[in-house]
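Reading the structure
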Amino acid sequence: MVDEESFTVKASKPLAKVKKGDIIKVDGRPLEVDAHYVLIDHGATKEMTVELFDSKTDKDFQLRYFSDQIDTSLEFYELAEIIYNKKSFKKIEW
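Reading the values: rules and limits
- Within any chain, residue numbers begin from 1 and follow the written order of that chain's sequence.
- Reporting of local features is limited, given that this is a predicted model, to residues whose pLDDT is at least 70; pairs of side-chain atoms are given and counted only at 80 or more, and all residues count toward the totals for whole chains, interfaces and linings.
- Only hydrogens and water are removed before side-chain values are computed, so all heavy atoms of the structure are retained for them.
- Only DSSP runs of H or I reaching four residues or more are called helices, and only runs of E reaching two or more are called strands; each is numbered from the N terminus.
- Only the C-alpha atoms count toward the radius of gyration. The rule for a globule is 2.2 Å times the residue count to the power 0.38.
- Burial classification: accessible surface area is computed with a 1.4 Å probe over protein chains only, and a residue below 20% of its type maximum counts as buried, one above 50% as exposed, and the rest as partly exposed.
- Here, two residues are considered to be in contact whenever any of their heavy atoms come within 4.5 Å of each other.
- Residue burial considers only the protein chains on display, and all accessible areas are found by Shrake-Rupley using a 1.4 Å probe.
- His is not counted here, nor are the chain ends, while Lys and Arg score as positive and Asp and Glu score as negative.
- Where a charge lies is defined by one atom per residue type, namely NZ (Lys), CZ (Arg), CG (Asp) and CD (Glu).
- Residues belong to one nonpolar core when they are buried, are Ala, Val, Leu, Ile, Met, Phe, Trp, Tyr or Cys, and are joined through side-chain atoms within 4.5 Å.
- Any pair of Phe, Tyr and Trp rings, taking the six-membered ring for Trp, is counted once the centres come within 6.5 Å. Such a pair is stacked with planes under 30 degrees apart, edge-to-face with planes over 60 apart, and tilted for the rest.
- Remark: a charge is flagged as sitting over a ring if the NZ atom of Lys or the CZ atom of Arg is within 6 Å of the ring centre and within 35 degrees of the ring normal.
- A pair of strands is treated as paired once DSSP finds two or more bridges between them.
- Axes here mean lines fitted to C-alpha atoms, for a helix over just the part in contact, with angles spanning 0 to 180 degrees between N-to-C directions.

Bringing the overall build of the protein into the picture now. For the protein, the helix and strand inventory stands at one helix and eight strands. For the protein, the α and β elements follow one another from N to C terminus as β-β-β-β-β-α-β-β-β. For the protein, the C-alpha radius of gyration of 12 Å lies close to 12 Å, the compact-globule estimate for 94 residues. The dimensions of the protein, computed from C-alpha atoms along their principal axes, are 40 × 25 × 25 Å. Going through the 94 residues of the protein one by one, you find that 33% of them count as buried. In the protein, the proportion of contacts linking residues at least 24 apart, taken out of those at least 6 apart, comes to 39%. If you sum the accessible surface of the protein, you get close to 5,900 Å²; carbon and sulfur atoms cover 51% of it. Measuring between centres, the 15 positive side-chain charges of the protein sit 6 Å from its 19 negative side-chain charges.

The next subject is the nonpolar core. Ile24, Leu52, Leu63, Leu74 and Ile92 are the most contacted members of the largest nonpolar core, which has 18 residues in total. Contributions of two or more residues to this core are made by β2 (23–26), β3 (29–41), β4 (46–54) and β5 (59–66). Leu63 has contacts with Leu15, Ile24, Met48, Thr49, Val50, Leu52, Leu74, Glu75, Phe76 and Ile92, leaving out every residue within four places of it along the chain.

Here the focus is the environment of Trp94. Its location among the elements puts Trp94 in the segment after β8 (91–93). Assessed through its relative accessible area of 12%, Trp94 is described here as buried. If we skip the residues at most four places from it in the chain, Trp94 touches Val9, Lys10, Ala11, Ser12, Lys13, Pro14, Leu15, Val18, Ile23 and Ile24.

Scanning all chains against the criterion turns up three aromatic pairs. Judged by centre distance (4.7 Å) and plane angle (45°), the rings of Phe7 and Phe89 are tilted. Of the two residues, Phe7 sits in the segment before β1 (8–10) while Phe89 sits in the loop between β7 (83–87) and β8, which places them 82 residues apart along the sequence. Both residues of the pair, Phe7 and Phe89, belong to the buried class. When the ring centre of Tyr77 is taken as origin, the NZ or CZ atom of Arg64, which lies over that ring, is 3.9 Å away.

Pairing between the strands of a sheet is mediated by backbone hydrogen bonds and can be parallel or antiparallel. One open sheet holds the eight strands; their spatial order is β1-β8-β2-β3-β4-β5-β6-β7, and the pairing between them is mixed. Among the strands making up the open sheet, the edge pair consists of β1 and β7. Averaged over all pairs of adjacent strands, the angle between strand axes in this sheet comes to 30°, irrespective of strand direction. Summarising the sheet, β4 and β5 pair through eight bridges and their orientation is antiparallel. Within the sheet, the bridge partner assigned to Thr49 lies in β5 and is Arg64.

Read these as spatial facts, not as claims about activity.
Here's what the structure looks like:
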């Protein structure tokens, strides 16, 4: 879940409609969507993952959220070696 740190979201469409090739900006850094899929289906809700990459640095990221709690469950991760590390952010837009 989201830490006590607050962040702002600027959405041009519902997050569920984000697809491969779209751009998501995290703290002004443009990241391209590579995939958007269900990570875990919990029945009443789904844990979703948006796979992102930065073409300039060749780094991979993930945006994770629960389908019924988007505003309170957004988490951002950066791939380091073989593990995704959670990173804080202040602003996200798509």
